[in-house]
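Residues per chain are reported as follows:
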Amino acid sequence: EAGVAQSPRYKIIEKRQSVAFWCNPISGHATLYWYQQILGQGPKLLIQFQNNGVVDDSQLPKDRFSAERLKGVDSTLKIQPAKLEDSAVYLCASSLVATSTDTQYFGPGTRLTVL
Amino acid sequence: EDQVTQSPEALRLQEGESSSLNCSYTVSGLRGLFWYRQDPGKGPEFLFTLYSAGEEKEKERLKATLTKKESFLHITAPKPEDSATYLCAVKRQGGKLIFGQGTELSVKP
């Protein structure tokens, strides 16, 4: 079974530029998550989708971050404009459903460096 | 507020030297405690889910246990390939996954 796919794997941009990340979840997984992991810290949830709808985006900086999940499969996360403090690894995860004990499976992440 | 604290932050072991990693948590209505392994440059890899105090799960050299306030990840006779960052996360009903900061384990031959 194929895992969660993400691209690109690495991205370097200047501050105030925009960037987009793509995620393809495990086939059949209804729930998709985007996390931000700053060096030396655990992942922090940015947004959770259940099929096409947003379940939780309370930690998403909405003035600069946006995300969408069209057709309930692939998702994109965009940052515009980027700040230095956005340098981090952006992880996508998916789970079969969104129950309290459902296991989340992670992709390899996209490492973003903002100069 | 839900909180997860892992200790130590870093642990260096000799091959074969058994030890334990700690995950302390405060959450109302725990629905699950998760352990993940993360290798450099990769995403977290699922290891275990524990649901209630007293529960134990094993996988190769790893054994996870759970009490009402903390979880331990015991590593028996570790090998260099066990070197990684181990992440603990908790979830309550209807809530999101809250991660600790991780323990970076290094096993030297």
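Everything below is about the structure printed above this text.
All figures in this text were calculated on a predicted structure; none of them were measured in a lab.

All right, on to the sheet that holds strand β7 (residues 62-66) of chain B then. Residues and elements named next belong to chain B. Spatially, the five strands line up as an open sheet ordered β1-β3-β8-β7-β6, and their pairing is antiparallel. Sheet topology places β1 (3-7) and β6 (56-59) at the edges, where each strand pairs with a single neighbour. Direction aside, neighbouring strands of the sheet carry axes that sit 15° apart on average. Sheet topology note: the β6/β7 ladder contains four bridges and is antiparallel. Within β7, the position partnered with E56 by the bridge is T65.

The next point concerns the interface of chain B and chain A. At the interface, 21 residues of chain B touch 24 residues of chain A. Approximately 1500 Å² of surface area, both sides summed, lies buried where chain B meets chain A, with 52% of it carried by carbon and sulfur atoms. A per-residue breakdown of the area chain B buries against chain A is headed by B:K91, B:K96 and B:F99, which together make up 31% of the total. With a closest N to O distance of 3.7 Å, A:D56 and B:K96 form a salt bridge. Across the contact surface, chain B and chain A share three residue pairs in polar contact (both at pLDDT 80 or more). At the level of secondary structure, the elements contributing two or more residues to the side of chain B that touches chain A comprise β4 (30-38), β5 (45-50) and β9 (84-92) of chain B.

What follows concerns the environment of A:A93. Residues and elements named next belong to chain A. Position of A93 among the secondary structure elements: in strand β9 (residues 88-95). Each C-alpha atom of the pair A93 and G109 lies 9.3 Å from the other, and the pair is 16 residues apart in sequence. Ignoring anything within four residues of it in the chain, the contact list for A93 reads T31, L32, Y33, Y35, Q104, Y105 and F106.

Residue A:P8 follows A:S7 across a cis peptide bond; omega there is -10°. Position of A:P8 among the secondary structure elements: in the loop between β1 (5-7) and β2 (10-13). Of note, the bond from A:Q80 into A:P81 is cis; its omega dihedral lies within 30 degrees of zero at -5°. Position of A:P81 relative to the elements: it lies in the loop between β8 (75-79) and β9. Positive phi, normally seen in glycine, also occurs at A:R16, with a value near 80°. Assessed through its relative accessible area of 63%, A:R16 is described here as exposed. If you check the backbone angles, B:E60 has positive phi at about 55° while not being a glycine. Structurally, B:E60 is set in the loop between β6 and β7.

Residues and elements named next belong to chain A. Relative to the helices and strands, Q6 is located in strand β1. Look at Q6 and you get buried, because its relative accessible area is 7%. Of note is the side chain of Q6, whose polar atom sits 2.9 Å from the backbone nitrogen of G109. Discounting chain neighbours no more than four positions away, the residues touching Q6 are W22, W34, Y90, L91, C92, G107, P108, G109 and T110.

Analysis parameters
Sequence order sets the numbering: in each chain, residues are counted from 1 along the sequence as written. Here chains are named by letter from A upward and ligands by number from 1 upward, in the order in which they appear as written. Predicted model: local features are reported for residues with pLDDT of at least 70 only, side-chain atom pairs are reported and counted for 80 or more only, and whole-chain, interface and lining totals are derived from all residues. Excluded from the side-chain calculation are hydrogens and water; included are all heavy atoms of the structure. In this analysis, strands are considered paired if DSSP registers two or more bridges between them. Helix numbers and strand numbers start at the N terminus; a helix is a DSSP run of H or I with at least 4 residues, a strand a run of E with at least 2. Angles here are taken between N-to-C directions and fall from 0 to 180 degrees, while the axes themselves are lines fitted to C-alpha atoms, restricted in helices to the stretch in contact. Contact criterion: two residues are considered in contact whenever any of their non-hydrogen atoms come within 4.5 Å of each other. In short, buried area is how much 1.4 Å probe accessible area vanishes from two parts on joining, totalled over both. By definition here, a salt bridge exists when the distance from a side-chain nitrogen of Lys or Arg to a carboxyl oxygen of Asp or Glu is within 4 Å. Polar contact is defined as a pair of N or O atoms within 3.5 Å, subject to the rule that within protein one atom must be able to donate a hydrogen and the other to accept it, and that residues adjacent in sequence are counted only when both atoms are side-chain atoms. Here the term buried applies to any residue with accessible area under 20% of the maximum for its type, exposed to any over 50%, and partly exposed to those in between, with areas from a 1.4 Å probe on protein chains only.

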